[in-house]
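Survey of secondary and tertiary structure
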Amino acid sequence: MALDDVLDSSPVGSDDRFSSSYKPAASKSPPTPRGFHRYRSVWISDFHLGTRGCRAERLLDFLATVRCDTLYLVGDIIDAWALKNAWYWPASHGAVIQAVLALHRDHGTRIVYVPGNHDEMLRDFLPLDLAGIEFCDECVHETADGRRYLVMHGDAFDAVCTEARWLAVLGDYAYRGVIVGNSWFNTVRRRLGYPYWSLSAFLKYQVKNAVAYIGRFEEALADEAKRRGLDGIICGHIHTPSRRDVDGIDYCNDGDWVESCTALTEDFAGRMSLLYWGRGTDDEIPAERESRRAASV
Ligand SMILES: [Mn+2]
């Protein structure tokens with residue numbers, strides 16, 4: 001299928017994506033506005049292109065109608081590890097890449113790509129400018145009203161989230177050590193050809209207390225922003241869209257395009273919002289959805 005066919009087949013202009021029946025729990029985001037969407041900045045992550053879980057059509061629908069000065073791709077965009085195991089690349093997945101490149105080419109959007117653990121091969125080449133896209137390990141975003149946010153995927157904090165209790169006892173030195181150790185551990189695994197060992201995926205799949213894990217992840221990322229003297233943190237990785245105040249730090253997780261189909265947006269006054277892209281019918285049973293979600297973190 002050609003790119004144009006893919007784009008034409010997406011329900012741009014229909015009212016389905018503005019379905020008002022979906023009301024996300026604990027979200028303070030305003031209803032999706034009708035018509036053209038224009039923002040100062042947009043953050044999206046965890047597409048997992050190359051896997052069956054990726055909601056490429058919805059993502060194309062979103063990308064076709066959104067315009068922004070800066071688009072941040074916050075990691076796990078292309079699932080290189082999944083592609084290595086089994087090649088799965090439908091036309092719609094290629095069209096997502098084309099749609100992102102078109103935003104830069106046709107609309108002058110600045111594109112910043114912060115790799116995650118599923119596209120971590122890119123981390124060996126950072127910083128990098130390629131096809132107009134800026135690749136970097138992490139960056140700081142300044143909002144229109146002058147607040148500063150750390151932008152990172154978030155996988156570096158997997159280990160501290162699981163070991164948070166004894167690390168709290170041992171203190172800051174051990175805490176930093178585990179973060180660095182986790183990074184080295186996975187760098188060695190990568191060099192040996194093994195994929196990133198995702199503690200979060202392991203836990204979300206195995207352990208009943210996923211809620212506690214998510215809470216620790218949010219606190220760990222917020223602590224990092226605070227340690228650096230920043231106002232907030234923007235990340236992805238755990239496929240759990242969220243925006244909340246964590247001890248004075250604005251924690252923002254832009255969610256994913258496997259499960260939640262969400263984006264974080266900044267308007268021209270510097271106001272941040274979580275955008276829940278319209279919901280169609282989801283006929284999967286929750287258990288299947290949960291296992292897919294756990295497997296793809
Ligand atoms: Mn990830």
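Residues numbered from 1 in each chain as written. Predicted model: local features only at pLDDT ≥ 70, side-chain atom pairs only at ≥ 80, totals over all residues.

A few points about the packing of helix α2 (residues 56-65) against helix α4 (residues 91-107)
Filter applied, for reference: Lines are fitted to the C-alpha atoms to define the axes, a helix being fitted only along its stretch in contact, and any angle between axes, read from their N-to-C directions, falls within 0 to 180 degrees. Numbered from the N terminus, helices here are DSSP runs of H or I no shorter than four residues, and strands are runs of E no shorter than two. Should an angle fall under 35 degrees it is taken as roughly parallel, and over 145 as roughly antiparallel, whereas 65 to 115 is taken as roughly perpendicular and any remaining angle as oblique. Here a crossing is called left-handed whenever its near helix is offset anticlockwise from the far helix by less than a right angle, and right-handed whenever the offset is clockwise. In this description, any two residues whose backbone-derived C-beta atoms lie within 7 Å of each other are considered to be in contact. Gly counts as polar in this scheme, as do all residues outside two lists: the nonpolar Ala, Val, Leu, Ile, Met, Phe, Trp, Tyr, Cys and Pro, and the charged Asp, Glu, Lys and Arg.
At a closest axis distance of 9 Å, the pairing of α2 and α4 adopts a crossing angle of 15°. One element, α2, and the other, α4, form an angle in the roughly parallel class. As for how α2 packs across α4, the hand of that crossing is left-handed. Between α2 and α4, the contacting residues are Ala56, Glu57, Leu59, Leu60, Leu63 and Ala64 on the first element and Ser92, His93, Ala95, Val96, Ala99, Val100 and Leu103 on the second. Here the contact of α2 with α4 is built from residues that sort into 10 nonpolar, 2 polar and 1 charged.

Observations regarding unusual backbone geometry
Applied cut-off: Buried residues are those with 20 or more other C-beta atoms within 10 Å of their own C-beta, exposed residues have 12 or fewer, and partly exposed residues lie in between; C-beta atoms are placed from the backbone.
In this chain, Leu126 is followed by Pro127 through a cis amide linkage whose omega measures -10°. Its location among the elements puts Pro127 in the loop between β3 (110-113) and β4 (128-130). The phi dihedral of Asp46 is positive, around 55°, even though this residue is not glycine. Mapping Asp46 onto the fold places it in the loop between β1 (37-44) and α2. Although it is not a glycine, Ala131 adopts a positive phi angle of roughly 50°. Checked against the element boundaries, Ala131 lands in the loop between β4 and β5 (133-135). Look at Ala131 and you get exposed, because 10 C-beta atoms sit within 10 Å.

Re the sheet that holds strand β7 (residues 148-151)
Sheets are built from strands paired through backbone hydrogen bonds, the pairs being either parallel or antiparallel. Definition in use: When DSSP finds at least two bridges between two strands, those strands are taken to pair.
Read from one edge of the open sheet, 5 strands run β6-β7-β8-β10-β9, paired in mixed fashion. Single-partner strands in this sheet number two, and they are β6 (139-142) and β9 (242-246). Averaged over all adjacent pairs, the angle separating strand axes in this sheet is 20°, with direction ignored. Looking at chain direction, strand β8 (residues 232-235) and strand β10 (residues 249-253) are connected through 4 bridges and run parallel. Looking at β10, one finds that Gly232 is bridged to Asp250.

A look at α4
We apply this condition: A helix is expected to reach a length of 1.5 Å times the quantity of its residues less one. Bend is the name given here to the angle between axes fitted to two runs of seven residues, the run ending at a residue and the run starting at it.
End to end, α4 covers 23 Å across 17 residues, agreeing with the expected 24 Å (1.5 Å per residue, within 8%). Where α4 bends most, at Leu101, the angle is about 25°. Within α4 the residues assigned to the buried category are Ser92, His93, Ala95, Val96, Ala99, Val100 and Leu103. Positive backbone phi, at 70°, marks Gly108, one or two positions downstream of α4.

All we've got here are geometric facts, nothing functional implied.
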